[in-house]
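# Working through the structure, step by step
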Amino acid sequence: MPRPIIIDCDPGLDDAIALAMALRAPTLDVKAVTTSAGNQTPQKTLHNALGLLTLMQRQDVLVAGGAAKPLMRDLVIADYVHGDTGMGNTHLPAPDFQPVKQTAVELIADLLRTSSEPITLVVTGPMTNIALLLSQHSELKSKIERIVFMGGGMNAGNTTPVAEFNIYVDPEAAEIVLQSGVPLTMAGLNVTHQALVLPQDIERIRSINNPVAAAVASMLDFYLPLYLSHPRGLPGAAMHDPCTIAWLLAPELFESRELWVGVETQGQYTVGMTVVDEFGQNGKPANVEVLTHINRQGFIDLMVECVSRY
Ligand code: RIB
Ligand code: CA
């Protein structure tokens, strides 16, 4: 039976590629897509999600918009990475269906409540919606099979020297989720900076003859130069959010460690840092499966296989 999942995302270029990998995967049953504010404004991420599902011909998937801003902070967006629309220079089809009337939290709660089996939550943006869900519907925790999230890193940051964007935008939400007791798998920068799309991989995707592959190649054309010009010196574009779907589809591509992770919410220089207790120094039990390594070529081959299904 396909694994039921709900994807909470802030599309966003890499979110879009994660959706493309998930929506035709025979082993995944995408029950809903909910949107968060992060890469772009809540209005734009919702519009992009509807446009992506229209492009991918999955208008059957329920869509709901989420919180307009982080729990306690002003919204910070990443238009410097994803562009003014959040989709780079890629033009999506006009959405031909509407989101549901419920909020993201209400939709996720309803789906968890009525599901005959626990549902996996995939989170690829700031964790505001999921923190609200866990706070307002704690009785539904047992209906969450696991939360697989892109965020954080072990001594790594892309928004500050020590903070990754998704966690940085809403650190209070992330700490609520990380200390919730729900099983967690973390795709942090340590692994996503290994999941690199190289120029030749983009040409491989461009050669696939379908409109989704063409859109993915176009998104990567916009995204790649940002990485090649960055002082970090990566030779390709980091596929952050697709790592969550890749782990669900092919966990054998990854190595991981069970570690304690907490989120700094008070530090003068370290707000949004995921503090990863690599050596068990704080005596707290591990709460997160931290992905540490990925087989890059296997990941690229999986991406190509997924995008070829459209
Ligand atoms: O730091 C990378 C993360 O922030 C990704 O999820 C990207 O889409 C942005 O949301
Ligand atoms: Ca994202």
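Keep in mind that this is a model prediction, so the values were computed, not measured.

## Structural notes on the pattern of salt bridges
Summed over the entire model, instances satisfying the criterion amount to 13 salt bridges. Between Asp 29 and Lys 31 there is a salt bridge whose closest N-O contact spans 2.8 Å. For Asp 29, a relative accessible area of 26% corresponds to the partly exposed category. Exposure remark for Lys 31: the relative accessible area of 33% places this residue in the partly exposed category. Of the charged contacts in the structure, one is a salt bridge between Glu 289 and Arg 146, with a shortest N-O distance of 3.8 Å.

## Considerations on the coordination of the calcium ion (ligand 2)
Protein coordination of the calcium ion (ligand 2) is provided by Asp 10 (OD), Asp 15 (OD), Asp 15 (OD), Thr 124 (O) and Asp 241 (OD), with donor distances spanning 2.2 to 2.5 Å. If you list the donors of the calcium ion (ligand 2) from N- to C-terminus, the spacing comes out as D-x4-D-x108-T-x116-D. One end of the pair, Asp 15, is in helix H1 (residues 13-23); the other, Thr 124, is in the loop between strand E4 (119-123) and helix H5 (128-136), and 109 residues separate them in sequence. Note on accessibility: Asp 15 and Thr 124 belong to one class, buried.

## Considering the layout of surface pockets
Roughly 450 Å³ of volume is contained in the largest pocket. Lining the largest pocket are 25 residues, with Tyr 80, Val 81, Asn 158, Tyr 227 and His 240 positioned closest to its centre. Looking at the lining of the largest pocket, the elements that each hand over two or more residues are H1, helix H3 (79-82), helix H6 (165-169) and helix H10 (211-228). Residues that form the lining of the largest pocket fall into these classes: ten nonpolar, nine polar and six charged.

Definitions and limits used
- Residues numbered from 1 in each chain as written.
- Chains lettered and ligands numbered in written order.
- Predicted model: local features only at pLDDT ≥ 70, side-chain atom pairs only at ≥ 80, totals over all residues.
- Heavy atoms only, no water.
- Salt bridge = Lys/Arg side-chain N within 4 Å of Asp/Glu carboxyl O.
- Buried < 20%, exposed > 50% of the residue type's maximum accessible area, 1.4 Å probe, protein only.
- Donors = N, O, S within 2.8 Å, 3.2 Å for Na, K, Ca; no water.
- Helix = DSSP H or I, 4+ residues; strand = E, 2+ residues; numbered from the N terminus.
- 1 Å grid on protein atoms, 1.4 Å probe; cavity = no way out; pocket = protein on both sides within 12 Å on 5 of 7 lines; lining within 4 Å.
- Points joined across faces, edges and corners; volume = space filled by probe spheres on them.
- Nonpolar A, V, L, I, M, F, W, Y, C, P; charged D, E, K, R; others polar.

Any functional reading would require information that these geometric values do not contain.
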